[in-house]
Amino acid sequence: MKKSLLLCACALLGMTAEAQTARKLTVSLTPDGEANIQVFLPQNPTGRAIVDCPGGGYSHLSMQNEGTDWAEYFNRQGIAFCVLKYRMPKGDRSLPMQDAQNAIRTVRDSAQAWGVNPYDVGIMGFSAGGHLASTTATHAPAEARPDFQILFYPVISMNERVTHKGSVVNFLGDGRADEKLVKEFSNDRQVRRHQTPPALIIMAGDDRAVPVLTNGLPYYTALRRAGVPAAMHIYPSGGHGFGFKSDFAYHKQMLAEIEAWLKSVKAPKADALRVACVGNSITDGAGIDMADVQGYPAKLQRQLGSGYLVRNFGVSGRTLLNHGDRPYMREKAWAEAKAFNPDIVVIKLGTNDSKPRNWDNYGKEFAADLQQMVDELKALPAKPAVYLCCPVASADVRGKQGDNQIRDSIVVSDIIPAIQKVAKKNKLKVIDLHPLLDPKSDSMQRDGIHPTPKGATAIAKAVAEAIETKN
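My aim in this report is to walk through the structure given alongside it, one point at a time. (Residues numbered from 1 in each chain as written. Predicted model: local features only at pLDDT ≥ 70, side-chain atom pairs only at ≥ 80, totals over all residues. Heavy atoms only, no water.)

It is at 9 Å that the axes of helix H15 (residues 366-378) and helix H16 (residues 408-426) come closest, and there the two elements cross at 40 degrees. The angle between H15 and H16 places the two elements in the oblique class. Crossing of H15 over H16 shows right-handed handedness. From H15, Phe 366, Ala 367, Leu 370, Gln 371, Val 374 and Lys 378 reach across to H16, where they touch Ile 415, Ala 418, Ile 419, Val 422, Lys 425 and Asn 426. Broken down by class, the residue content of the contact of H15 with H16 amounts to 8 nonpolar, 2 polar and 2 charged. (Axes fitted to C-alpha atoms, helices over the stretch in contact; angles between N-to-C directions. Helix = DSSP H or I, 4+ residues; strand = E, 2+ residues; numbered from the N terminus. Parallel < 35°, antiparallel > 145°, perpendicular 65-115°, else oblique. Left-handed = near helix turned anticlockwise from the far one by under 90°. Contact = heavy atoms within 4.5 Å. Nonpolar A, V, L, I, M, F, W, Y, C, P; charged D, E, K, R; others polar.)

In structure tokens, the structure reads:
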């Protein structure tokens, strides 16, 4: 009787484990099927998905230990898991890059059928697969860029003197002697503020194949300096290639830490309203440590909640004026903001336009240039609601040259009236931030121009109230 009960219990346990995966399928990414993803869909989906890039030095793939062995672990958490079989570059780096980007696109395109949230698709990679994953995170266009990244003992540098030489040879081919190409695909040098997604990096300190100090650690440092949320675990031992091996001394600890980190990465709802924050250094978060956490757009995300997806497209020092010294509409960020196809756009520009070299020469063009920006936004498929912000008050700060002086008097007498004029003409909401912060208070940094985290909170609150009132 006891034996029967034991057998029954074991059978039920096996059924429970098997039930974590509800469906398996293989989807080709190339006409010949050479590149594909093995998809493991969970029984109880949370909406999260991960595209996995196994390692193998860009010469082969460790499809089990760094691939399919992880499926049950992620499915148990309700995460769809997709193992990527990517093509070997053999000197043509575009092949694996295309495959990884197409895998992300495929998951997002299949979101409804697979129970996936298109705003919660991450990438994971091991060794050379970690290089491919981080390349996707730093180089891919927005529609193919992951929302988070998990990297195991990743190849980051393409300098063959400090990294895994075989990966460099296979990925760059004859181009490995080209310093510009080496820099372009050494991903610690390609981290982009507000664009590169949050990361978890896992390594062993005694890894001799891919040295920690010249690969994973510089990548973490670059993320941290850019204000991108990142976590790093360096275990004392384990070497290279431990993957999902149960005999890795820190296996259980590693799994628990991955699970905890994933819970800390919050995603908006699948039907969230997209909010684009367009602006200069105040939007960018200049002078604020960890701006992607403490800047006003990040705080706006927390204020609005999961029903909104807020993205920061701020670029420091930019002007609204197209003939200004650093025009925003000529920046890549402007093209990316439009490609985001936002439902809501918050424009906060004008501070740098007040400088003598900008306003005294081109100030009469301000309203027309703002109208151009509004018109380009109106032409987007989403037909976004546009909010125009009056610049925050600032202390008159003089640079090394007189024509570099930010003049709050010009903001008040000329720039704010121009903003209000365009808003009235287009029936747009104006958010008056000018009286919100005292330049001499602790809401502003010592320069009297840029807000502190406290000031960023006040800006986020004012913008959130305006958005929520209308929506």
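Here the narrative resumes.
Moving on, we come to the sheet that holds strand S9 (residues 273-279). The strand order across the open sheet formed by 5 strands is S10-S9-S11-S12-S13, and the pairing between neighbours is parallel. Two strands bound the open sheet, and with one partner strand each, they are strand S10 (308-314) and strand S13 (429-432). When strand polarity is set aside, the average angle formed by the axes of neighbouring strands in this sheet is 20 degrees. Note that strand S12 (residues 385-390) and S13 share 4 bridges and pair parallel. Bridge pairing in S13 places Cys 389 opposite Ile 431. Along the sheet, helix H12 (residues 296-304) makes contact with S9, S10 and strand S11 (344-348), crossing S10 at roughly 170 degrees. (Pairing = 2+ DSSP bridges.)

Take the pattern of salt bridges next. Taken as a whole and judged by the stated rule, the model has 18 salt bridges. A salt bridge links Arg 318 to Glu 331; the shortest N-O distance between them is 2.9 Å. Taken together, the residues span a long stretch of sequence, with Arg 318 in the loop between S10 and helix H13 (332-339) and Glu 331 in the loop between S10 and H13 at a distance of 13 residues. By relative accessible area, which is 12% here, Arg 318 ends up buried. For Glu 331, a relative accessible area of 24% corresponds to the partly exposed category. Here Asp 325 makes a salt bridge to Arg 357, at a shortest N to O gap of 2.8 Å. One end of the pair, Asp 325, is in the loop between S10 and H13; the other, Arg 357, is in helix H14 (residues 356-362), with 32 residues separating them in the sequence. (Salt bridge = Lys/Arg side-chain N within 4 Å of Asp/Glu carboxyl O. Buried < 20%, exposed > 50% of the residue type's maximum accessible area, 1.4 Å probe, protein only.)

The 8 strands are arranged S1-S2-S4-S3-S5-S6-S7-S8 in an open sheet whose pairing can be described as mixed. Each end of this open sheet is capped by a strand with a single partner; those strands are strand S1 (21-28) and strand S8 (230-235). On average, each strand axis in the sheet is tilted by 15 degrees relative to the strand beside it, whichever way the strands run. Here strand S3 (residues 49-53) pairs with strand S4 (residues 80-85) via 4 bridges, running parallel.

For the pair H12 and helix H17 (residues 453-470), the least separation of the axes is 8 Å and the interaxial angle reads 50 degrees. One element, H12, and the other, H17, form an angle in the oblique class. Seen from above, H12 lies across H17 with right-handed handedness. Between H12, through Tyr 296, Lys 299, Leu 300, Gln 303 and Leu 304, and H17, the contact on the second element is made entirely by Pro 453, Ala 456, Thr 457, Ile 459, Ala 460, Lys 461, Val 463, Ala 464, Ile 467 and Glu 468.

A few words now on the pairing of S9. Counting buried positions over the 7 residues of S9 gives 6, a clear majority of the element. One ladder, built from 7 bridges, connects S9 with S10; its direction is parallel. Looking at the pairing, Gly 279 lines up with Gly 314 of S10. Looking at chain direction, S9 and S11 are connected through 5 bridges and run parallel. Counterpart to Val 275 in the pairing with S11 is Ile 344.

As for its position among the elements, Ser 186 is in the loop between helix H7 (179-184) and strand S7 (199-204). You can call Ser 186 buried: its relative accessible area is 3%. Separated by 42 residues in sequence, Ser 186 and Ala 144 have C-alpha atoms that sit 19 Å apart. The residues contacting Ser 186, other than those within four sequence positions of it, are Ile 156, Ser 157, Met 158 and Asn 159.

Moving on, we get to the packing of aromatic side chains. A full pass over the atoms with the stated rule returns 22 aromatic pairs. A centroid spacing of 6.4 Å and a plane angle of 70 degrees characterise the contact between Tyr 58 and Tyr 86, whose relative ring orientation is edge-to-face. Of this pair, Tyr 58 sits in the loop between S3 and helix H2 (71-76) while Tyr 86 is found in the loop between S4 and helix H3 (94-109), placing the two residues 28 residues apart along the sequence. Aromatic ring contacts, followed pair by pair, group Trp 70, Tyr 73, Phe 74, Phe 81, Phe 126, Phe 152, Tyr 153, Tyr 235, Phe 242, Phe 244, Phe 248 and Tyr 250 into a single cluster. (Phe/Tyr/Trp six-rings, centres within 6.5 Å; stacked < 30°, edge-to-face > 60°.)

Scanning all chains against the criterion turns up 0 disulfides. The thiol of Cys 53 is unpaired, and the distance to the nearest cysteine sulfur, on Cys 82, comes to 11 Å. With a relative accessible area of 0%, Cys 53 lands in the buried category. (Disulfide = S-S within 2.5 Å.)

From the geometry alone we can't say anything about function, so treat these as descriptive.
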